[in-house]
Amino acid sequence: MSTLGALLTGFCAAVPPLLAAGFWLGRRTARPSARPFRRAGLGTPVEHATFQTLHTASLAAPPLRAGLTEETARRASRRLRSLLGTEALCLTDTDRVLVWDGAGSHHRAEIMERLAGPLETGRGEAFRLSCGTPDCSLRWAVVAPLTVDDRVHGALVACAPGESAVLVRAAAEVARWVSVQLELADLDRSRTRLIEAEIRALRAQISPHFVFNSLAVIASFVRTDPERARELLLEFADFTRYSFRRHGDFTTLADELHAIDHYLALVRARFGDRLAVTLQIAPEVLPVTLPFLCLQPLVENAVKHGLEGRGEKCGIAITARDEGAEAVVVIEDDGVGMDPGLLRRILAGEAGPSGGIGLSNVDDRLRQVYGDDYGLVIETARGAGMKVTVRLPKYRPGVHPAAPGTGGLRRG
Amino acid sequence: MNESHAVAAVALVVVATALVGAFGLRVSRTTSDFYVASRTVGPRLNAAAISGEYLSAASFLGIAGLVLVQGPDMLWYPVGYTAGYLLLLIFVAAPLRRSGAYTLPDFAEARLASPGVRKLASGFVVGIGWLYLMPQLQGAGLTLKVLTGAPGTLGSVIVAVVVVANVAAGGMRSITFVQAFQYWLKLTALLVPALFLVLAWRGDGAPTRAFDEPAAFREQRTVRVQDTVEIRLAGPLAVTVHGRVDGRPYDGDRISLTAGVHTVEAGSRLRLPAGAPVPAARGAGDTALSDSASAPQGERPLHATYGLIIATFLGTMGLPHVVVRFYTSPNGVAARRTTVVVLGLIGAFYLLPPVYGALARMYAPELVLTGNTDAAVLLLPDRMIGGVGGDLLGALVAGGAFAAFLSTASGLTVALAGVIAQDALPSRGIRHFRVGAVTAMAVPLAASVLAGRLPIADAVGLAFAVSASSFCPLLVLGIWWRRLTPPGAAAGMLVGGGSALAAVSVTLVGPHPATGVPHSLLAWPALWSVPLAFLTMILVSLATPGRVPPDTDAVLARFHLPEEIGGGPGRKENTA
Amino acid sequence: MSHEPGQTAERPARVVVTGPPRRHHGRGRGAPYRPRTEIHEQTTLGHTYVRSLMRTQLRTALAVFAVLAALVAPLPLLFAAAPHGRVLEWAVLGFCLYPPLVLLARWHVRRAERHERDFVRLVEDQDR
């Protein structure tokens, strides 16, 4: 993941300087005179040609960023041909012609036959075209393979009335430029996969400590109070079933609250009366859809902070209220709080895995699903408790609960 | 009438509303059951809440007033308000809930994936909401004026301030309980006095003149005209006048007015003989909820009735405050069951306004002359029973009326504030909902204060007509027709809703062709604007087949599949 | 910063903290987040199934609509034409129309729910 990220940033960082360098070179070659930087002028014809070329290239880029398909090739081909200034241009993938722009498309089959070699070796080639059609002016073609990571994806073929060294060079350069675009397309795709994988990894991180502690508590009741132990085991089963369910990224607030209930039952078994939880839920917001397990970590965090290093009771308040098109959920504890600077670093992903990992995870997922406007808002200071506010839009395209939103998970 | 009782009742309703809003929340502690707090709202509670929100000032006061002026034809209003829920049930309820949409713009976006259509829908939602809020505020002003003689705008301002303060401060944290409470309050406030009134009527010998046409005075009566009115006489009428009629001063002279339109100036007193037919006022000041202006008595053509039927039957499904309440149902099946209960609850409520209308035709016919017909429900207890009993019953009715203004206005404000905060204000944040709430209320308040003298009476009817011609096609076609496209939806809403709006605006402000077919077609546009909207939407969609959203099939599957299957990949994995 | 646990009255003031914006995946309104669930919905059930359910439900809805139209549409004409039209209008509109509305609604809900149950059975049988 980090290698891919580095690669990506590398590419993003590398492209603009290259373009700038090309532009600068263009200027230098255009103005060999004593005054290299005359800013006041309106540009020489060569400068204008450079602008034109850069502009054309930039227009051809977006379609190619979606990968090499018939559709994207079609949309890019006209720009590419005007970049090369040739009679006909053809883009192929490894087994067929994707698009033929310009005259002489009856050469398709012939071109594909002659491409076998270049596609195999990944090296360019030029050859004469044999043509029986009387008014066809194309007599010669140059092939430049399109390669991504040393793998040939296809080829760019430029056809002309006669042999031309300039065209050979130009075709090679354009092919290289197209290859870079395709490489970026590949990266885009892997970035999308990456985000999906990230979401998958981000969701449902049930802490191993919690599992061990819960099992230990249940074990402690087995002999003294078997009935209680049985109940707790069922709570534990319900909670883990919810956490480990494999389908869907979203749940309803009602179901999430049920999971929190099971979680709190287990915590209470361990800490007894030290924990006091107050709940205020406006029933209107219970059907709201939200990322799966995004409130439970906040409650877990509040429990941890509330009980940390204090002998007496700890209070946690969970409120959910209706605000028109949004639901606002607030989780507040009166525990030890946190240093705002540290918290800021945790949220920025800069601090180590010291507590609060749940917070940054939830913050990440909320921003990923709803956008940056919907990150966590946390009010805290050392010794001042902590108040976490989550805003959830009631409707967002593509956000639907995956499970039957009807009931709880509770048995009976 | 004793003012103090009524004022106390109104104050009590306001305080009770605030209290239920603040404490109606389910609060649970560790020891009590968490499960209770996270249980979704059941169909019955939600249905009472929907009914409470839906029964507005137009239902509570307006229908009786309309029946008083225009007779039983106006009973199509409550029938339409109720039948609207039947159409909502059969075509929209479950799929709308399953779409996951909170507001109508959400629905448009979920179905058509088009920001443009979303924006357009937001515009219509805000427009319809404002049209609907305006008469609520005016009704509140009127109620307070009738009860205490306070200036007409005071009541509007009170309701506006209470609602905005409650909504913006988050005071109404659980609006479901508030609204459900208001339904039962309104039902009680109309039912209990009605029982006493019917008893009083039987004690009076159970006269049946209510069903006569037109309404007539039972005994000689003197009427004081507060605001200058134009009255329309079907035949000549002999009256004794103190004041100015048709610009000429009289002092206790007995004159005979010819058939036609006469102007009675403010402050005049008319003494009418027993048995005289009640002349109808035109363009009077306080007909906030009735629409005597657009369809004078006895001249109601059939197509106007059909226009009214279509508007109310089809308009309900597009009202912003109705749609958002369905989000509270946990699933599509619950949404359907909720709707059936709503039908029962509002059906039961609507049995009462006709009773008041009929009694008002016998016991308070002069209200027609002064134009104060919407006050009929408020004045009847005093008129028929009198004494302390009458005062108390009058206070109960006044409290119920205020509950009506408060509940409908709160529901609309919450719905509108959500849409405004989301689609109109630039960026979203915690405070934007409050700004949205203030905006949602400020515009109709300003309009109702500034346009107080205009016959904006038809505002509710207009809101229904616009909703029926814009959102009804969008919802019905969006849910049942897979070839709907964003351009089609936008064109249909613009043509249908726009033409309905334009037509009624012409009758309200433009120079009207006083009577006749063109006038009633303009005043009741639903008859032609709804088919026009459907047709436009279908034709433009068929003309733009390339614009059918790519995931239409998946979206429609989600709308229609029962939840246990719609969300069923997991289940499927398990069984496979 | 020193603090004394438990003494709520002397609590230091809280500071508001938010995470840094993640511009690279800022999803505005225009670029909706598309989860896998939707794809699942599209592939788990054939469109044929969905369409048949839609047709059945629409038929029920249209049947109710037809009954309602047949019930209501002639009424204004009847009131205008009948000899005791006014009295009839008071009775029908004031009272008699509401029970049929509620009954129609109940009938529709029963039918719609039965269709959905049948549909679930049909699909589940297909699975096995």
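Cut-offs applied
Residues numbered from 1 in each chain as written. Chains lettered and ligands numbered in written order. Predicted model: local features only at pLDDT ≥ 70, side-chain atom pairs only at ≥ 80, totals over all residues. Helix = DSSP H or I, 4+ residues; strand = E, 2+ residues; numbered from the N terminus. Buried ≥ 20, exposed ≤ 12 C-beta atoms within 10 Å, placed from the backbone. Pairing = 2+ DSSP bridges. Axes fitted to C-alpha atoms, helices over the stretch in contact; angles between N-to-C directions. Contact = placed C-beta atoms within 7 Å. Core = buried A, V, L, I, M, F, W, Y, C linked by C-beta atoms within 7 Å. Domains from an automatic or database assignment. Parallel < 35°, antiparallel > 145°, perpendicular 65-115°, else oblique. Nonpolar A, V, L, I, M, F, W, Y, C, P; charged D, E, K, R; others polar. pLDDT = per-residue confidence, 0-100. Left-handed = near helix turned anticlockwise from the far one by under 90°.

Turning our attention to the overall build of chain C. Within chain C one finds five helices and one strand. In chain C, the succession of α and β elements from N to C terminus is β-α-α-α-α-α. For chain C, the residues scored as buried account for 24% of the 128 residues in total.

Sheets are built from strands paired through backbone hydrogen bonds, the pairs being either parallel or antiparallel. All names here are of chain A. One open sheet holds the five strands; their spatial order is E2-E1-E5-E4-E3, and the pairing between them is antiparallel. The two strands at the open ends of the sheet, each matched to only one other strand, are strand E2 (97-102) and strand E3 (125-128). Taking the axes of each pair of neighbouring strands and ignoring which way they run, one obtains an average angle of 20° across the sheet. As paired elements, E3 and strand E4 (residues 140-148) share four bridges and run antiparallel to each other. Counted as the bridge partner of Arg 128 is Trp 140 from E4. Against the sheet, helix H3 (residues 70-84) contacts strand E1 (88-93), E2 and strand E5 (151-160), and its axis sits at roughly 35° relative to E2.

Attention now goes to unusual backbone geometry. Unusually for a residue other than glycine, Leu 293 of chain A sits at a positive phi of about 50°. Positionally, Leu 293 of chain A belongs in the loop between strand E8 (289-291) and helix H9 (296-307). With 24 C-beta atoms counted inside 10 Å, the residue Leu 293 of chain A sits in the buried group. With a phi angle near 50°, Ala 113 of chain B is a residue other than glycine that sits in the positive phi range.

Right, let's get into the nonpolar core. All names here are of chain B. With 224 residues, the main nonpolar core has Ala 376 and Leu 380 as its most contacted residues. For this core, the element with the highest residue contribution is helix H16 (residues 387-424), accounting for 20 residues. Structurally, this core is a two-domain feature, drawing no fewer than three residues from each of domain 1 (3-23 + 41-205 + 283-563) and domain 2 (217-277). If we skip the residues at most four places from it in the chain, Ala 376 touches Ala 64, Gly 65, Leu 68, Tyr 356, Ala 360, Ala 364 and Leu 367.

All names here are of chain B. Closest axis-to-axis distance for the helix H4 (residues 57-70)/helix H5 (residues 76-98) pair is 9 Å, and the angle between their directions is 140°. Looking at the two axes, H4 sits oblique to H5. Residues Ser 59, Ile 63 and Leu 66 of H4 form the contact with H5, whose participating residues are Tyr 77, Pro 78 and Tyr 81. Among the residues forming the contact of H4 with H5, the class breakdown is five nonpolar, one polar and no charged.

A word on the confidence of the model for chain C. All names here are of chain C. Summarising the model, chain C shows a mean pLDDT of 74, and 69% of its residues fall at 70 or more. Confidence, read as mean pLDDT per element, is least for helix H1 (residues 36-44) in chain C (43) and greatest for helix H2 (residues 47-72) (90). The model gives residues 1-8 a pLDDT under 50, and that stretch makes 12 contacts with residues more than four places away or in other chains. Both scores are available for the predicted complex, with the pTM at 0.73 and the ipTM at 0.83.

It is worth spelling out the packing of helix H3 (residues 43-54) of chain B against helix H12 (residues 332-349) of chain B at this point. Residues and elements named next belong to chain B. Running from amino to carboxyl end, H3 crosses H12 at an angle of 50°, the nearest separation of the two axes being 8 Å. Between H3 and H12, the crossing angle belongs to the class labelled oblique. As H3 runs across H12, the sense of the crossing is right-handed. Across the interface between the two elements, Pro 43, Arg 44, Asn 46, Ala 47, Ala 48, Ile 50, Ser 51 and Tyr 54 of H3 pack against Ala 334, Arg 337, Thr 338, Val 341, Val 342, Leu 345 and Ile 346 of H12. Considered class by class, the residues forming the contact of H3 with H12 number 10 nonpolar, three polar and two charged.

Another aspect to go through is the environment of Val 264 of chain B. Residues and elements named next belong to chain B. With respect to the secondary-structure elements, Val 264 resides in strand E6 (residues 260-264). It is 8.3 Å that separates the C-alpha atoms of Val 264 and Gly 243, two residues lying 21 residues apart in sequence. The contacts of Val 264, once residues within four sequence positions are left out, are Val 225, Thr 228, Val 229, Ile 231, Val 245 and Leu 270.

A word on the environment of Gly 80 of chain B. Residue and element names in this part refer to chain B. Looking at the element boundaries, Gly 80 is found in helix H5. On the neighbour-count criterion, Gly 80 (22 C-beta atoms within 10 Å) is buried. With residues up to four places along the chain from it excluded, the contact list for Gly 80 reads Leu 308, Ile 309, Thr 312 and Phe 313.

This part takes up the pairing of E4 of chain A. Here is the key point about a regular strand: its side chains alternate between the two faces of the sheet. Residue and element names in this part refer to chain A. As judged from the nine bridges shared by E4 and E5, these two strands associate in the antiparallel manner. Bridge pairing links Val 148 to Arg 151 in E5. Following E4, the chain reverses through two residues before pairing antiparallel with E5; Asp 149 in that reversal takes a positive phi of roughly 50°.

Attention shifts here to the pairing of E5 of chain A. All names here are of chain A. With eight of 10 residues buried, E5 is to be regarded as a mostly interior element. Sheet topology places E1 next to E5; six bridges connect them, and they run antiparallel. When the bridges of E5 are listed, Thr 92 appears paired with Ala 155.

Right, let's talk about the confidence of the model for chain A for a bit. Residues and elements named next belong to chain A. In this model, chain A carries a mean pLDDT of 78, and residues with pLDDT of at least 70 account for 80%. Counting contacts from residues 32-37, a segment whose pLDDT is below 50, to residues more than four positions away or on other chains yields two contacts. Within the model, pLDDT remains below 50 along residues 403-412, and this stretch shows 27 contacts once partners closer than five positions in the same chain are excluded.

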